[in-house]
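# Coordinate inspection notes
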Amino acid sequence: MIYAIRLLRKSPAFTAAAILTLAFGIGANTALFSLVNGVLLKQLPFQHASRLVWIWSTRTDRDKAFYSLPDFIETREYSKAFDGFAAFTNWGANLSGMGEAERFAGARISAYAFEMMGVRAQYGRTLAASDDGPASERVVVLSHGLWQRRFGGDPQLVGQKLTLNGDSYTVAGVLPAAFAMPNTEAELFVPLVIETDPYRTNRGMNFLRVFARLKSGATEQQAAGELAAITRRLREMYPVTNGKHTDPRLIFFRDEITGGYRTSLWTLLGAVGLVLLIACSNLANLLLARSSARGREVAIRSALGASRLRLIRQFLTESFLLASLGGALGVALAGAGLRALLLLAPADLPRISEVSLDGNVLLFAIAATLVSAVVFGLAPALHASRSELVENLRAGGRASASPSATRSVLAVAEVALSIVLLICAGLFLKTFVRLQAATPGFVPGHLLLVRLSLPAANYHTPVSIRNFYDELRRRLVALPGVQSVALGSLLPLSGANNRNDILISGRKPASPLDIPAAQNRWVSAGYFQTLRIPVKEGREFTDRDNETAPGVAVVDRTFASRYWPNQSPLGRHFRMEDREFEIVGVVGDVKHNTLEEEPTQTVYAPFSQVTSPGLPFLAGGFNIVLRSTSDPLALATAVRRALHAVDANVPASSVKTMDQFMSRAVAPRRFNLRLISVLAGAALLLAGMGLYAVISYSVSLRTSEIGIRMALGADTRAVLKLIIGQGLRLVLIGIAVGLAASAAVSRAIASLLFGTNSADPFTFAAAALLFATVGIVAAYLPARRAIRIDPLTALRAE
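Residues numbered from 1 in each chain as written. Predicted model: local features only at pLDDT ≥ 70, side-chain atom pairs only at ≥ 80, totals over all residues. Heavy atoms only, no water.

Take the overall build of the chain next. Across its full length, the chain holds 24 helices and 23 strands. Taken across its 798 residues, the chain has 53% of its residues classed as buried. Long-range contacts, defined here as pairs at least 24 residues apart, represent 83% of the contacts in the chain between residues at least 6 apart. Element-wise, carbon and sulfur atoms account for 57% of the exposed surface of the chain, whose accessible area totals about 34100 Å². (Helix = DSSP H or I, 4+ residues; strand = E, 2+ residues; numbered from the N terminus. Buried < 20%, exposed > 50% of the residue type's maximum accessible area, 1.4 Å probe, protein only. Contact = heavy atoms within 4.5 Å. Areas by Shrake-Rupley, 256 points an atom, 1.4 Å probe, with all protein chains shown as cover.)

Bringing helix α6 (residues 220-237) into the picture now. With 18 residues, α6 extends 26 Å between its outermost C-alpha atoms, agreeing within 8% with the 26 Å of an ideal straight helix rising 1.5 Å per residue. For α6, the full list of buried residues reads A223, E226, L227, A228, I230, T231 and L234. If you follow the buried residues of α6, they end up packed against β1 (52-59), α3 (69-78), β4 (82-96), β11 (206-214), α7 (239-242) and β12 (245-252). (Expected span 1.5 Å × (residues − 1).)

For any two helices packed against each other, the geometry is given by the interaxial angle and the distance between the axes. One can describe the packing of α3 onto α6 by two numbers: an axis separation of 10 Å at closest approach and a directional angle of 130°. Compared by their axis directions, α3 and α6 come out oblique. Considering only the axes of α3 and α6, their crossing is right-handed. For the pair α3 and α6, contact is made by D71, E74, T75 and Y78 and by L227, I230, R233 and L234, respectively. (Axes fitted to C-alpha atoms, helices over the stretch in contact; angles between N-to-C directions. Parallel < 35°, antiparallel > 145°, perpendicular 65-115°, else oblique. Left-handed = near helix turned anticlockwise from the far one by under 90°.)

Scanning the entire structure with this criterion turns up 24 salt bridges. The residue D131 makes a salt bridge to R125 at a minimum N-O spacing of 2.8 Å. Of the residues examined, R125 reaches a relative accessible area of 36% and is grouped as partly exposed. (Salt bridge = Lys/Arg side-chain N within 4 Å of Asp/Glu carboxyl O.)

Here we come to the packing of helix α15 (residues 462-477) against helix α19 (residues 636-646). Running from N to C, α15 and α19 cross one another at 140°; their axes reach a closest spacing of 10 Å. By the criterion of interaxial angle, the relationship of α15 to α19 is oblique. For the element pair α15 and α19, the recorded crossing hand is right-handed. Only V639, A642, L643, A645 and V646 of α19 make contact with α15, whose side of the interface consists of F468, E471, L472, R475 and L476. The residue makeup of the contact of α15 with α19, split by class, is eight nonpolar, no polar and two charged. (Nonpolar A, V, L, I, M, F, W, Y, C, P; charged D, E, K, R; others polar.)

Looking now at unusual backbone geometry. Its identity is not glycine, yet N165 carries a phi of approximately 55°, on the positive side. Locating N165 in the fold gives a position in the loop between β8 (161-164) and β9 (167-174). The backbone phi angle of N566 is positive, close to 60°, even though this residue is not glycine. Within the element layout of this structure, N566 appears in the loop between α17 (557-563) and β19 (573-576).

As a further point, take the pairing of strand β21 (residues 602-606). Of all the five residues making up β21, five are buried; the element is thus mostly covered by neighbouring parts of the structure. Here β21 shows a buried face lined by T602, Y604 and P606 and a second buried face lined by V603 and A605. Of the strand pairs in this sheet, strand β16 (residues 517-523) and β21 are connected by five bridges, and their pairing is parallel. Counted as the bridge partner of W522 is A605 from β21. (Pairing = 2+ DSSP bridges.)

What follows deals with the packing of aromatic side chains. Evaluated as defined, the whole model comprises 32 aromatic pairs. On the numbers, 6.3 Å between centres and 50° between planes, the contact of W522 with F581 is tilted. With W522 in strand β16 and F581 in strand β20 (residues 579-587), the pair connects residues that are 59 residues apart, well separated along the chain. The class of W522 is buried, set by a relative accessible area of 3%. (Phe/Tyr/Trp six-rings, centres within 6.5 Å; stacked < 30°, edge-to-face > 60°.)

Topologically, A93 is positioned in strand β4. Expressed as a C-alpha distance, the spacing of A93 and T163, which sit 70 residues apart in the sequence, is 9.2 Å. In this structure, A93 is in contact with E102, R103, F104, L164, N165 and L188, ignoring residues within four places of it in sequence.

Moving on, we come to a nonpolar patch on the surface. On the surface, Y692, V777, Y780 and L781 cluster together to form a nonpolar patch covering roughly 330 Å² of accessible area. The element best represented in the nonpolar patch is helix α23 (residues 761-786), accounting for three residues. Along the chain, the position of Y780 falls in helix α23. According to the relative accessible area criterion, Y780 is partly exposed, its value standing at 36%. (Patch = residues over 30% accessible without salt bridge, like charges linked within 9 Å, V, L, I, M, F, W, Y side chains within 5 Å.)

The next thing to look at is helix α5 (residues 144-151). Within an α-helix, residues lying three or four positions from one another point in the same direction, as the helix has 3.6 residues per turn. Taken as a whole, α5 has its buried residues at H144, L146, W147 and F151. Buried residues of α5 fall within an arc of 165° about the axis and therefore sit on the same side. Looking at the residues trailing α5, positive phi occurs at G152, about 65°. (Arc of directions from axis to C-beta.)

For the rest of this paragraph, the subject is the side chain of T258. Within the secondary structure, T258 is located in helix α8 (residues 253-258). Within the structure, T258 has its side chain in polar contact with the backbone oxygen of R254 (distance 2.9 Å). The contact partners of T258, leaving out residues within four places of it in the chain, are V39, L40 and P350. (Polar contact = N/O pair within 3.5 Å; in protein donor to acceptor, adjacent residues only side chain to side chain.)

Structurally, V361 is set in helix α12 (residues 359-385). A relative accessible area of 0% places V361 in the buried class. Remark: the alpha-carbon pair of V361 and A31, spanning 330 residues in sequence, is separated by 8.5 Å. Look past the residues within four positions of V361 in its chain and what remains in contact with it is T30, F33, S34, N37 and S356.

Looking at the element boundaries, S561 is found in helix α17. When its relative accessible area of 43% is taken as the criterion, S561 is described as partly exposed. Residues S561 and Q601, spaced 40 residues apart in sequence, show a C-alpha to C-alpha distance of 9.5 Å.

Here the focus is the confidence of the model for the chain. Across the chain, the average pLDDT comes to 85, with 87% of residues at 70 or higher. Taken as a whole, residues 389-393 scores under 50 in pLDDT and shows twelve contacts with residues more than four places along the chain or in a different chain. Residue range residues 395-403 is modelled with pLDDT below 50. Its contacts to residues more than four positions away, or to other chains, number 15 contacts. (pLDDT = per-residue confidence, 0-100.)

Glancing now at the side chain of E414. Structurally, the position occupied by E414 is in helix α14 (residues 405-437). Once residues within four sequence positions are removed from consideration, E414 is found in contact with I278, S281, N282, N285, L686, A687 and G690.

Right, here's the structure in full:
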């Protein structure tokens, strides 16, 4: 070890370069593994987490749907494969009586749910089975984040009263910081009281999200089969409401929480692993050069009795020393890298609060360090131990002139790995460009979005909601810079699902399976004008389309073309829930979930004509949309003042621009692109440096040969052709191997692409051309040095 330290101290430039290269590779891997560990691998904060499953109801026209209360009750009663069943529904809560009113996202949840999940409160208690009775005291449990942010982390809050939506609730407890409930952003939880729920007997009102705990020993297949049998039984018993129901989907909690991030995070970890491999290949090449230069030293050691195993151990000791120093610095850099990753990460990345440099991450860093030491140290050690004793003693300490096939293989591997990363980066770039160019169906610029929720005690009729909106609109349109104002129950690209069955007049469905369904949006007059959704036929809504007027609706182009192809749908009638509507207009398609989705058929109706089942959901959460002539965020303060003047007990839960709202929709793609681009750039730089090192070293070994060629009359063009040709051969072989590997890798990441062929020929060709250019530059620099060799000096050196 001491000898290895002395050797590294003799070559400070090499040692510094090697340590920094390793530190970058190991640090980047450690930082990204921290993200993967926190999001995907770390144990969920639940007891028996491996037995917790999410249960999605499914329909013939959708693969994820909610349960109705009657269906949930009967499924819970008939199931035998589970020892716990729970449900919740999102619930907006307006906090008042403590300064300015504030809006929070909440949930009404089965009181048994926390006990089933094994979640214990950090302070106080969670909900108990006794809390869900009709006569039970109203209690609320707060998330750790809300408790810290709004109430300053005061432990004395437990037992105090809060006024939520005009009702008094006692704070029962505060949840632990690690608690994360799938599919909700709820910050407070109140009991779901089934006995008093207005939809207890309404089998057609689907609003519950359901999860359960498998019995010990029960398998996923058994549970799925049982749920499918229950669903078939309910479908036969209630064909009108359950006719479209298909077998439910079971998804384990970990998979439900991580969702679409699993594939992308593993892909990015694999990409950063390739960068570390390229860095190790570079170091292996440098160490091979050093081992060749140390031929006389090795020969003397062998002559003095050192075995081959002893020589290998000495070289590996040096490699492990380098790797340890690089790994230690890499762990230090990983902290800064992780902070950068968290800043770049999408806002909806799950479990982000659990990401840290913990013990598992440090073990990973140690493993990466040890593996790196073997990867870049083994080849030089084996090469040195095989050196010829007599030849090296005769060489007088000079490097062997024989070409190293190992060095060429390493250079080819670097090129191939870099090509893979370049092609992945190119595919992600093309995907992002296609997403940015995708048409959402409206014009997002200069739009301000204000999310509101009205207290049910004061706003329980369409007239009361309309009066509130009319007064608010009157104040908002008077603000300088406001062009138009509108109301919408759900925004485009919100990802919210509100589908209703539609009965088209004159078209009696043959069976419940044939009943069409569509997304439903309650909007105000001026909605399409404000969002710049084009009216293709007919008219928009007006203020005359109120609660006393006949029901009217506007449909999108997808709905119209599906049910009235090559015909006008104007004047046609359909029934939705408990009201009949006449189609008075057709508008363009709008993206509801993501920019990459296909249009989903949609019907729009005036919010003042909202049906009785939809009224509580509309009042519980809707959006005011303002179009301005300048920066819409400059209106935020004035909008809040206007809202406070209309009703001080109605807070705005969020005020943001549509551009900010849409940015969140492409955030995961942007995150992938940024990281893979940085990694591809690093790979390109490292591979170019490695190629340069191989050719440069080869030129140094062939100094006498080049001198003889030039003494015999070879011109500079011939020498350039010789050296550059050697480099290009390595590059072309590496490109060929890289393209073949990329074909397989690109198919594996096809699910992360949009509007882009995973075998896109332009991307493959661009990556190959880019690296060919880098290869020519890397070969030209040593070649230019070679043509400046003085033949007499080269021959004299012999």
